Protein chains: 2
Amino acid sequence: MIGLMTPVDFSEMECSVARTLETIGDRWTILILRDAFYGVRRFEDFRGDLGVASNILTDRLQKLVDREILEKRQYEERPPRYEYRLTEKGQELLPVILTMMKWGDRWANSGSTPPVTLTHTTCGHVTEPVVTCSQCGEELRRRDLRAHPITVRGGNPSGELARAETS
Amino acid sequence: MIGLMTPVDFSEMECSVARTLETIGDRWTILILRDAFYGVRRFEDFRGDLGVASNILTDRLQKLVDREILEKRQYEERPPRYEYRLTEKGQELLPVILTMMKWGDRWANSGSTPPVTLTHTTCGHVTEPVVTCSQCGEELRRRDLRAHPITVRGGNPSGELARAETS
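Bear in mind that the values here come from a model prediction, so they are computed numbers and not experimental data.

Undergrad: What is the right way to look at the layout of surface pockets in this model?
TA: Quantified by volume, the largest pocket comes out at close to 720 Å³. Only α6 (94-107), β3 (117-120), β4 (125-127) and β5 (129-133) of chain A together with α6 (94-107) of chain B provide two or more residues apiece to the lining of the largest pocket. Ranked by residues supplied to the lining of the largest pocket, first place goes to α6(A) with seven residues. Of the residues contributing to the lining of the largest pocket, the split by class is 15 nonpolar, four polar and eleven charged.

See the structure below:
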């Protein structure tokens, strides 16, 4: 999973968390993605909403296109205008955005503004994302997970994500 | 949720995704967290596993302590030695790590090394995280979510996370 005891750079790390970070680790990038999930598609709308400098926005949008997270499509010929849409690869980042939103609501919300709420139209209720097991449907908790292979120095050799607290 | 049309910095953005990024947005930080979830607790183990320079590791660990994600505890008096353990606030980042891992397995895995698999001891099966509705238990899909309030310029005023594709 990760290089043992020798210095490595992120791109060499055989770890999916590291590789995901390579793609979305930049702050502007993930805020652009968040806006894309809200339906923003046009350069001027991203720029106006985020208050980001044009050169930075151009760079981050191009990187997202290069990484096949966004697709650039022409929607007008004269003058030529383009919009940016989430690809399937991009759309599958929704769980990452949703879990970050939930954590931030609980632990990093200043309380001065009500957080965004999400309504699940399937059941009609205000919803929170819950991360569950693909096999049994129960919520995934750290104490019930084992990782294999586990090659982290100092990590529990059994791959246990939680270790018994002794204090 | 976010400042409209005026430049803002991240710390002023009234958005839980932005605030979560403020806490975990740095790449080393999230790799330290990943190792913490695998049971790594000691400075030398983090350093050896990640191949990170000591001054960077010291800085990131201290920031995680300042943000109450990790707790620093003395486990030996002579010589004084400390370990770093996830707080409740830190443990609740597990869903973010799990969803990043799943996305990376599918979309950012080089294929040269088998990805880490997770076994759910509750049911005994190899599991994948699925993000589901806290109310009805169905998987959350973009087309079934509406956000309120939605104040993103260029976003769909209904708060629809997915818009009908017309092409």
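Undergrad: Where do I start with the confidence of the model for chain A in this structure?
TA: Do not read the predicted coordinates in detail wherever pLDDT is low. Residue and element names in this part refer to chain A. Confidence in the prediction for chain A averages 81 pLDDT; 77% of positions are at 70 or higher. By mean pLDDT, the top-scoring element of chain A is β5 (97), and the lowest-scoring one is helix α1 (residues 16-24) (73). A low-confidence stretch, residues 1-11 stays under pLDDT 50, and its non-local contacts, those more than four residues away or across chains, total 34 contacts. Counting interchain partners and residues more than four positions distant, the pLDDT-below-50 stretch residues 163-167 has eleven contacts. Scoring of the predicted complex yields 0.82 for pTM and 0.82 for ipTM.

Undergrad: What's the story with the sheet that holds strand β3 (residues 117-120) of chain B in this structure? I'm lost.
TA: Sheet strands line up and pair through hydrogen bonds in the backbone, either parallel or antiparallel. Taking strand neighbours across the sheet as the criterion, the three strands line up as β6(A)-β3(B)-β4(B) in an open arrangement whose pairing is antiparallel. Both edges of this open sheet fall to β6 (145-148) of chain A together with β4 (125-127) of chain B, since each of them pairs with a single strand only. Averaged over all pairs of adjacent strands, the angle between strand axes in this sheet comes to 40°, irrespective of strand direction. Alignment of β3(B) against β4(B), held across three bridges, turns out to be antiparallel. Bridge pairing in β4(B) links B:His120 to B:His125.

Undergrad: In this structure, what is going on with the pattern of salt bridges? I would like to understand it.
TA: Opposite charge on two side chains permits them to pair, given that their charged atoms come into close proximity. One pass over the structure, following the stated rule, counts 27 salt bridges over all chains. Residue A:Asp49 is joined to A:Arg34 by a salt bridge in which the shortest nitrogen-to-oxygen separation is 4.0 Å. Here A:Asp49, found in helix α3 (residues 43-50), pairs with A:Arg34, found in helix α2 (residues 27-37); they are 15 residues apart in sequence, far enough to count as distant. Salt-bridge contacts for B:Glu71 lead to B:Arg73; the nearest nitrogen and oxygen are separated by 3.5 Å. Judged by its relative accessible area of 35%, B:Glu71 falls in the partly exposed class.

Undergrad: Is there a simple way to explain the packing of aromatic side chains in this structure?
TA: By the definition in use, this model includes zero aromatic pairs over all chains. The ring of A:Tyr75 carries the charged tip of A:Arg42 above its face, separated from the ring centre by 4.0 Å.

Undergrad: Help me understand the packing of helix α2 (residues 27-37) of chain B against helix α3 (residues 43-50) of chain B, please; the structure alone is not making it clear to me.
TA: Each pair of packed helices can be described by the angle between their axes along with the distance between the axes. Residue and element names in this part refer to chain B. The interhelical angle for the contact between α2 and α3, taken along N-to-C directions, is 115°, at an axis separation of 11 Å. In the packing of α2 onto α3, the handedness of the crossing is right-handed. Listed contacts from α3 to Trp28, Leu31, Ile32, Arg34, Asp35 and Ala36 of α2 are Phe46, Asp49 and Leu50. Per-class residue counts for the contact of α2 with α3 are six nonpolar, no polar and three charged.

Undergrad: For this particular structure, what's the right way to read the environment of A:Pro95?
TA: Mapped onto the secondary structure, A:Pro95 falls in helix α6. Judged by relative accessible area, which is 27%, A:Pro95 ranks as partly exposed. In this structure the C-alpha to C-alpha distance between A:Pro95 and A:Asp59, which are 36 residues apart in sequence, comes to 25 Å. Among residues more than four places away in sequence, those in contact with A:Pro95 are B:Thr99 and B:Val131.

Undergrad: Is there a simple way to explain the packing of α2(B) against helix α4 (residues 54-66) of chain B in this structure?
TA: All names here are of chain B. Two elements in contact, α2 and α4, have axes separated by 10 Å at closest approach and are oriented at 75°. Taken together, the axes of α2 and α4 lie roughly perpendicular to each other. Side by side, α2 and α4 meet where Trp28, Thr29, Ile32 and Leu33 of the first sit next to Ile56, Leu57, Arg60, Leu61 and Leu64 of the second. Partitioning the contact of α2 with α4 into residue classes produces seven nonpolar, one polar and one charged.

Undergrad: Looking at this structure, how should I read the pairing of β3(A)?
TA: The side chains of a regular strand alternate, first on one face of the sheet and then on the other. Relative to strand β6 (residues 145-148) of chain B, β3(A) is paired through four bridges, and the arrangement is antiparallel. Residue A:Thr117 lies in a different strand from β6(B), and its bridge partner there is B:His148.

Undergrad: Help me understand α3(A), please; the structure alone is not making it clear to me.
TA: Because each turn of an α-helix spans 3.6 residues, side chains separated by three or four positions in sequence point in the same direction. Residues and elements named next belong to chain A. Taken as a whole, α3 has its buried residues at Asp45, Phe46, Gly48, Asp49 and Leu50. In the core, the buried residues of α3 are packed alongside α2, α4 (54-66) and β2 (81-86). Residue Gly51 follows α3 closely and has a positive phi angle near 65°.

Each value, and the rule that gives it
- Residues numbered from 1 in each chain as written.
- Chains lettered and ligands numbered in written order.
- Predicted model: local features only at pLDDT ≥ 70, side-chain atom pairs only at ≥ 80, totals over all residues.
- Heavy atoms only, no water.
- 1 Å grid on protein atoms, 1.4 Å probe; cavity = no way out; pocket = protein on both sides within 12 Å on 5 of 7 lines; lining within 4 Å.
- Points joined across faces, edges and corners; volume = space filled by probe spheres on them.
- Helix = DSSP H or I, 4+ residues; strand = E, 2+ residues; numbered from the N terminus.
- Nonpolar A, V, L, I, M, F, W, Y, C, P; charged D, E, K, R; others polar.
- pLDDT = per-residue confidence, 0-100.
- Contact = heavy atoms within 4.5 Å.
- Pairing = 2+ DSSP bridges.
- Axes fitted to C-alpha atoms, helices over the stretch in contact; angles between N-to-C directions.
- Salt bridge = Lys/Arg side-chain N within 4 Å of Asp/Glu carboxyl O.
- Buried < 20%, exposed > 50% of the residue type's maximum accessible area, 1.4 Å probe, protein only.
- Phe/Tyr/Trp six-rings, centres within 6.5 Å; stacked < 30°, edge-to-face > 60°.
- Lys NZ or Arg CZ within 6 Å of the ring centre and 35° of its normal.
- Left-handed = near helix turned anticlockwise from the far one by under 90°.
- Parallel < 35°, antiparallel > 145°, perpendicular 65-115°, else oblique.

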